[in-house]
Structures are given as structure tokens and as C-alpha cells.
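# Descriptive analysis of the structure
The primary structure of each chain is shown beneath.
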Amino acid sequence: MTYLRAVAASALTIGIVVCAGPVPGEASGAAFGASPRGSISRAASIRADAWRWPLAGPPLVTRAFLAPASAYASGHRGIDLAAEARQPVLAPHDGVVSFAGPVVDRPVLSIAQPGDVIVTVEPVDAVVAVGDRVRAGQVIGTVGNGGHCPPGCLHLGVRLHGFYVSPLRYFDKLPRAVLLPTIPDVTASRPGP
């Protein structure tokens, strides 16, 4: 019975860690090579309270982040948010527009900020241009058409040091793992008096 509890607790812990996604700065999968974790300073981490949701109102995540097993494997390198066509899109943080234009079949906008963090939103018809400084909450465009999102969707992706990480880490919305104390097995046989 104790063995089964230990196995169940281990499986639960592994499940929580896997579902939470990679730590910012870690590779999203083993095939990315050595983890850059040791090279990331705490100063490079961006405070969650400095970020704003890119859409007004309470966010509704319609598709979660799914880390790929390798750089070229399938996965979902961001989150999808429910949105309305032509809805204003807001800058999630202060930064500089590093890209604004079409990528294949959709309009994409990226904002860079110190600490080698880049946030990308798509599809977005931009009202800002490359090199523009933006402030958190500033209108940067409107929800457009195209990409993997169905109409009425905004994809939000975050890269830290070139690696995709869960955007929810920057909005302080990831559930944290909680380890509970082990419970002594009261059904175990005890030596008699």
C-alpha cells in the first residue's frame, strides 16, 4: 500500500511539472540541447505585474501552450485567446516593435523588451511600425484574419532567449505545484504487544 502511494505521488508530481511547461530559459524539449538555465539571471525575468492581457476584459484561453518535444516537432508555441474580429489588441508590456507584417497567411506583430523577451500576437492588423516604442495597454492593432486560429481568436506567444515558453508564466496564472506531506500507512501491520 505504501509503495502504491509513493508511485501515485510521483506520478502526480511529474504530471504537474509536465503540464506546467518549461521554466523560462529552459529549452522546450530535450532535443534543443543543453539548457541555458545557468546563464539566465533573475534580473532577466520579467515581473508578472508588468504585463497586461492583449485584449480588454477577462481573458478566455481557448487553447493552451504545449511545448514541442524538439525545435521542429509539433506543439502549440503559445496560447489562443477568444477574441472578436477587429477587436483592439493592446501591448502586453512596454517594449519596441521588432516586427510588423505578414508571415505566410497572417499578419503578425512582435514586441521586444529587455532581458531577451519577445512577445508575438497574431493575426493582428498593426497600427504601429517596426522601431516604435509601445507602453503596456497601448492599442497596437486590431484582431485580423488568418493563421491557425479560427476567426475570433488571438494567438499569443512568448520567447525567452529564443525558446518558446508558456505566456501564462508572465501573467502569473500557472498553477504552482504543491507537495503534500506523506500520510503514515495506518493499515500496515504492526508488531503485536
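The structure presented is a predicted model; accordingly, all values stated were derived computationally and were not measured. (Residues numbered from 1 in each chain as written. Predicted model: local features only at pLDDT ≥ 70, side-chain atom pairs only at ≥ 80, totals over all residues. Heavy atoms only, no water.)

## What about the packing of aromatic side chains?
How we decide: Any two of the Phe, Tyr and Trp rings considered here, Trp counted by its six-membered ring, make a pair once their centres fall within 6.5 Å; the pair's planes then place it as stacked at under 30 degrees, edge-to-face at over 60, or tilted in between. Helix numbering and strand numbering both begin at the N terminus, where a helix is a DSSP run of H or I of at least 4 residues and a strand a DSSP run of E of at least 2. The rule is simple: take the accessible area with a 1.4 Å probe, protein chains only, and divide by the maximum for that residue type; under 20% is buried, over 50% is exposed, in between is partly exposed.
Scanning all chains against the criterion turns up three aromatic pairs. Plain terms: the ring middles of W51 and F171 are 5.5 Å apart, the flat faces sit at 85 degrees to each other, and that makes the pair edge-to-face. Of the two residues, W51 is situated in the loop between helix 1 (2–20) and strand 1 (61–63) and F171 in the segment after strand 11 (163–165); the sequence distance between them amounts to 120 residues. Across the pair, F171 and W51 agree in class, each one buried. Following the ring pairs from residue to residue traces out a cluster consisting of W51, W53, Y170 and F171.

## Quick notes on the environment of Y170
One can find Y170 in the segment after strand 11. Residue Y170 is classed as buried on the basis of its relative accessible area, which comes to 4%. C-alpha of Y170 to C-alpha of V158: the two residues are 12 residues apart in sequence and 8.9 Å apart in space.

## Regarding the pattern of salt bridges
Any two side chains of opposite charge can pair, on the condition that their charged atoms come close. Note the following rule: In the sections that follow, a salt bridge refers to a side-chain nitrogen of Lys or Arg positioned within 4 Å of a carboxyl oxygen of Asp or Glu.
Under the definition given, this model contains four salt bridges. The salt bridge involving R86 is made with D125; its shortest N-O contact spans 2.6 Å. Taken as a pair, R86 in the loop between strand 2 (79–82) and strand 3 (88–90) and D125 in strand 7 (residues 124–126) lie far apart in primary sequence, 39 residues in all. A relative accessible area of 53% places R86 in the exposed class.

## Digging into the nonpolar core
Stated formally: Within this scheme, the nonpolar core is defined by two criteria: the residues are buried Ala, Val, Leu, Ile, Met, Phe, Trp, Tyr or Cys, and they are joined through side-chain atoms within 4.5 Å. Should any heavy atoms of two residues lie within 4.5 Å, those residues are counted as being in contact.
Within the largest apolar cluster, 28 residues are counted, with the highest numbers of intra-cluster contacts made by V89, V121 and I140. Residue assignment for this core shows that the elements contributing at least two residues are strand 2, strand 5 (106–113), strand 6 (117–122), strand 9 (139–143) and strand 10 (153–160). Take this core: its biggest share by element is four residues, from strand 10. When residues no more than four places from it in sequence are discounted, the contact partners of I140 are V89, L90, A91, L109, I111, V121, D125, A126, V127, V128 and V134.

## Side note on the pairing of strand 6
The test is simple: The pairing criterion is simple: DSSP has to find at least two bridges between the two strands.
Of all six residues in strand 6, five are buried; the element is thus mostly enclosed. With five bridges connecting them, strand 5 and strand 6 associate as antiparallel partners. From the neighbouring strand, S110 faces strand 6, where its bridge partner is T120. What sits between strand 5 and strand 6 in their antiparallel hairpin is a turn of three residues, with G115 showing a positive phi close to 90 degrees. As judged from the six bridges shared by strand 6 and strand 10, these two strands associate in the antiparallel manner. Its bridge partner lying in strand 10, I118 is registered against R159.

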